[in-house]
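One-letter residues, chain by chain:
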Amino acid sequence: MGLRERLTKEWFMFCIVLVIVLAKMDPSVGAKGGPLKPEVTITYIAVSAIFFNSGLSLKTEELTSALMHIKLHLFVQIFTLAFFPTTIWLFLQLLSVTPINEWLLKGLQTVGCMPPPVSSAVILTKAVGGNEAAAIFNSAFGSFLGIIVTPLLLLIFLGSSSSVPFTSIFSQLSMTVVVPLIIGQIVRRYIKDWLERKKPPFGAISSCVLLTIIYTTFCDTFSNTNIDLDGLSLLMILFIIFSVQLSFMFLTFFFSTRNNLGFTPADTVAIIFCSTHKSLTLGIPMLKIVFAGHEHLSLISVPLLIYHPAQILLGSLLVPTIKSWMVSRQKGVKLMKPTV
């Protein structure tokens, strides 16, 4: 990961902490019914803006070269949206007997249900020198797929936690996620040349909107005096998240390097990051929709807020090691090829 990207990610992590502190200082500002009116400005306007921005910035033409790598795409999407959430569910059956806060455990399950991110997996794959086109395709395709699959998974694994009817979820997702994405892509077709010249700060715009969503989410939490979060639960969740990430990265590495699957070392790099990373940009707005009005929404959101910076930190630390492995494997493949 380049210095600029690393500084941007570190700055974003700092801003997350800052908005949570501000929410704690005066939660009435961003709480439901407060001056910011988050029930309208966040639920509809902010969420729509973040997905319109994604549609406007997403270079779909770059994904066509990776379209036919079906086996790789199936591996990533099945691992991300089937194996990951199911394994977390089984793991949580064991953790349910521990003293960890039950809503944080439910938040871990929501992490498992999330689609891959559009940014971090691609940035880390590029930093290593892996199959960037495959990372772009799977991150984007997984995000679109997640619009449909993630709410279904949340209802399957946490159905009793959500008071929002199934039809309401999809109608709101359509209006605030799907429609803005499509409009963004349509607008992009007409101003593509201008976008390429000016290179608007799409990432910064999405981050600002996302920070506003996080701020109002925690304002709701801190304004609810009935919520009690103990430090031990938080520390245990932090340890579990890092353990899950490392374990799943090892699993994807182990399976994708089997000779019978035919993946190249560059493919494996894309698989490792795309299969194990989860989207905060898509995740927080979706949780805001699916668990709208739920008194424990922010506690449910905490594991995802931890998982996001953790995956960036862990991925950045592992870049030199993974790059060294990939280069050595590629050299080995070249040496094995017969000379003509």
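Residues numbered from 1 in each chain as written. Predicted model: local features only at pLDDT ≥ 70, side-chain atom pairs only at ≥ 80, totals over all residues. Heavy atoms only, no water.

*Asks:* So, empty space enclosed by the protein: which residues are in play, and what are the values?
*Replies:* Per the counting criterion, the structure on display carries two cavities of 30 Å³ or more. Its boundaries defined by the atoms lining it, the largest cavity holds a volume of some 40 Å³. In this structure, the largest cavity is lined by Phe84, Ile88, Leu108, Val111, Gly112, Ile241, Val244 and Tyr307. Elements with a minimum of two residues in the lining of the largest cavity: α3 (70-95), α4 (102-113) and α9 (231-256). In terms of residue class, the lining of the largest cavity is built from seven nonpolar, one polar and no charged. As for the second largest cavity, its lining consists of Thr217, Ile284, Leu287, Lys288, Leu297 and Ser301. At the level of secondary structure, the elements contributing two or more residues to the lining of the second largest cavity comprise α11 (280-290) and α12 (297-336). In terms of residue count, the dominant contributor to the lining of the second largest cavity is α11 (three residues). (1 Å grid on protein atoms, 1.4 Å probe; cavity = no way out; pocket = protein on both sides within 12 Å on 5 of 7 lines; lining within 4 Å. Points joined across faces, edges and corners; volume = space filled by probe spheres on them. Helix = DSSP H or I, 4+ residues; strand = E, 2+ residues; numbered from the N terminus. Nonpolar A, V, L, I, M, F, W, Y, C, P; charged D, E, K, R; others polar.)

*Asks:* If you had to explain the state of the cysteines to someone new, which residues and values would you point to?
*Replies:* A full pass over the atoms with the stated rule returns zero disulfides. No disulfide involves Cys15; its nearest neighbouring cysteine sulfur is the one of Cys208, lying 7.8 Å away. (Disulfide = S-S within 2.5 Å.)

*Asks:* Tell me what's going on with a nonpolar patch on the surface, and back it up with residues and numbers.
*Replies:* There is a patch of nonpolar side chains on the surface, built from Trp11, Phe14, Val17, Leu18, Val21, Leu22 and Met25 and spanning about 730 Å² of accessible area. Along the polypeptide, Met25 turns up in helix α1 (residues 3-25). (Patch = residues over 30% accessible without salt bridge, like charges linked within 9 Å, V, L, I, M, F, W, Y side chains within 5 Å. Areas by Shrake-Rupley, 256 points an atom, 1.4 Å probe, with all protein chains shown as cover. Salt bridge = Lys/Arg side-chain N within 4 Å of Asp/Glu carboxyl O.)

*Asks:* Account for the side chain of His73, naming residues and giving values.
*Replies:* By the secondary structure assignment, His73 is in helix α3. There is a polar contact of 3.0 Å between the side chain of His73 and the side chain of Asn138. (Polar contact = N/O pair within 3.5 Å; in protein donor to acceptor, adjacent residues only side chain to side chain.)

*Asks:* Could you give an account of the side chain of Thr257, naming the residues involved and the relevant values?
*Replies:* Inspection of the secondary structure assignment puts Thr257 in the loop between α9 and α10 (265-276). Of note is the side chain of Thr257, whose polar atom sits 3.1 Å from the backbone oxygen of Phe254. Thr257 has contacts with Thr268, Trp325 and Arg329, leaving out every residue within four places of it along the chain. (Contact = heavy atoms within 4.5 Å.)

*Asks:* Explain the environment of Lys278 to me, and be specific about the residues and the numbers.
*Replies:* By secondary structure assignment, the location of Lys278 is in the loop between α10 and α11. Relative accessible area serves as the criterion here: at 0%, Lys278 is assigned to the buried category. Counting along the chain gives 33 residues from Lys278 to Gln311, while the straight-line C-alpha distance between them is 8.2 Å. The contacts of Lys278, once residues within four sequence positions are left out, are Thr80, Phe84, Val111, Gly112, Met114, Pro115, Pro117, Tyr307, His308 and Gln311. Here the side chain of Lys278 touches Thr80 through a polar contact of 3.0 Å, landing on its backbone oxygen. (Buried < 20%, exposed > 50% of the residue type's maximum accessible area, 1.4 Å probe, protein only.)

*Asks:* Go over the environment of Ile183, please, and point to the residues and values.
*Replies:* By the element assignment, Ile183 lies in helix α7 (residues 166-198). Residues Ile183 and Asn53 lie 130 residues apart in sequence; the distance between their C-alpha atoms is 9.7 Å.

*Asks:* If you had to explain the packing of aromatic side chains to someone new, which residues and values would you point to?
*Replies:* Inspection of every chain in the model, using the stated rule, returns 11 aromatic pairs. A network of ring pairs unites the aromatic residues Phe75, Phe79, Phe83, Phe84, Phe248, Phe263 and Tyr307 as a single cluster. Sitting above the plane of the Trp103 ring, Lys106 keeps its charged end 5.5 Å from the centroid. Taking the ring centre of Phe254 as reference, the NZ or CZ of Arg258 above it sits at 4.3 Å. (Phe/Tyr/Trp six-rings, centres within 6.5 Å; stacked < 30°, edge-to-face > 60°. Lys NZ or Arg CZ within 6 Å of the ring centre and 35° of its normal.)

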